[in-house]
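# Breakdown of the fold
Each chain is listed here by its residues.
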Amino acid sequence: MRRLLTSLVLASSLVLPFAAQAADPVKIKFTLDWKIQGLHAWFYWAKAKGYFTAENLDVTIDQGEGSAAAVTRVMSGAYDAGFGDINAIIQNAATKPGEAPVMVYMIYNKAPFALLAKTNGPIKSLKDLEGAKLGSPPGGASFKLLPLLAKQNGVDYSKINVTQVSPALQEQMLLQGQVDTVAVFSATSYLNLVSLKLDPDKDFRWFFYSDLGLDLYSNGVMVSPKLAKNNPEAVKGLLRAINRAMKETVQNPDAAIDVLAAEEPLIKKDLEKRRLLYVYTNLIDTPEVRDLGLGDISDKRLSSSIGTIAASFELPKTPAAGEIFNRAFLPAKADRTPPTIAP
């Protein structure tokens, strides 16, 4: 009997810590890159469906102020993780080694940087930029990379007439003929044009940087160095939940947008559904993703991208790929197969 009681006491002493751990989820503050849009549906789906909870995580999601600002938020310690731009991580890793977040799950395999021009306008090819009027916010990533784009395509950058414009006025200035082309973020501009009752595919030409020699990555899930080091299992759980939610939302877009509308009732559901599917089919579901699986990247391509960013922004050092992206937290490849969406 004494042995039995001793065994029960020992067993209870082993069970209680695990029970306490299960009752005490890891808190993660997560920042988006911008206001709630259809392309954020998977984050809210994971929360609403209890996928974060199933991973013993308590995730708080806040709206953002820009892809680069999301990186700054994580660096400040105000957030543990977020959805931000890998190119901003590269810049910060070069100037503040050890402080920058690390990308752990790539979402925008194809960068949304593009030049936008009217189909019936004067810009038929990049060479037509010489002597043309180009509008862009001065700090826009598409504009910052324009000199490199011009150089790689034999365009004399000094002959481009640049006009600084507000991000909210880019498409309107193009439509009014005040500029011949604008440097944009396609996931935003495409749906801006839709909201103006225009056809983005027929009425406009899109010159994607990724198709013209600047094959960059863009937004993905990043975590702070502290979270990655101190709680790697939480990071793995976060990615398992998001990965599952990504696959389910693009296969159930109406339900996904309903979840999003419950969080932000002012969204236009039809517009955000189209944004969700546009982003998936144009920026996420690429041949590389079909080969590597959702979330992963090509080390060779990333290294090339880092070199491009370092040259473009005149960085003091060129970070190694391992400082920018860590695939150790990814779900198994078999779980990251991208779903096929019917046209």
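In what follows, the accompanying structure is described. Bear in mind the structure is a predicted one, so any value in this text is a computation, not a measurement. (Residues numbered from 1 in each chain as written. Predicted model: local features only at pLDDT ≥ 70, side-chain atom pairs only at ≥ 80, totals over all residues. Heavy atoms only, no water.)

What follows is about the pattern of salt bridges. In the structure shown here, the tally under the stated rule is 16 salt bridges. The closest approach of N and O atoms between arginine 73 and glutamate 65, which form a salt bridge, is 3.9 Å. Between arginine 327 and aspartate 296 there is a salt bridge, and its shortest N-O distance comes to 2.9 Å. You can see arginine 327 sitting in the segment after helix H16 (321–324) and its partner aspartate 296 sitting in the loop between helix H14 (287–292) and helix H15 (299–312), a full 31 residues away along the chain. Here arginine 327 falls in the partly exposed class, since its relative accessible area comes to 32%. (Salt bridge = Lys/Arg side-chain N within 4 Å of Asp/Glu carboxyl O. Helix = DSSP H or I, 4+ residues; strand = E, 2+ residues; numbered from the N terminus. Buried < 20%, exposed > 50% of the residue type's maximum accessible area, 1.4 Å probe, protein only.)

Spatial ordering of the open sheet is given by E7-E6-E8-E5-E9, a layout of five strands whose pairing is mixed. Each edge of the sheet is formed by a strand with only one pairing partner; in this case those strands are strand E7 (161–164) and strand E9 (204–208). Geometrically, the sheet is characterised by an average inter-axis angle of 30 degrees between neighbouring strands, direction not taken into account. In this structure, strand E6 (residues 133–136) lies alongside strand E8 (residues 181–185), joined through two bridges in parallel fashion. Note on E8: the bridge partner recorded for leucine 134 is threonine 181. (Pairing = 2+ DSSP bridges. Axes fitted to C-alpha atoms, helices over the stretch in contact; angles between N-to-C directions.)

The next thing to look at is the nonpolar core. One broad trend across soluble globular proteins is that nonpolar side chains are buried collectively. Core analysis: the largest hydrophobic core is formed by 69 residues, its most contacted members being Phe30, Trp42, Phe43, Ile107, Val221 and Leu238. Per-element accounting of this core gives the leading share, nine residues, to helix H11 (residues 232–251). Not counting the four nearest positions on each side in its chain, leucine 238 is found in contact with Ile28, Phe52, Leu57, Val59, Ala81, Val221 and Val223. If you look at the next biggest cluster of nonpolar residues, it comprises 46 residues, including Phe113, Leu129, Phe143 and Ile160. (Core = buried A, V, L, I, M, F, W, Y, C linked by side-chain atoms within 4.5 Å. Contact = heavy atoms within 4.5 Å.)

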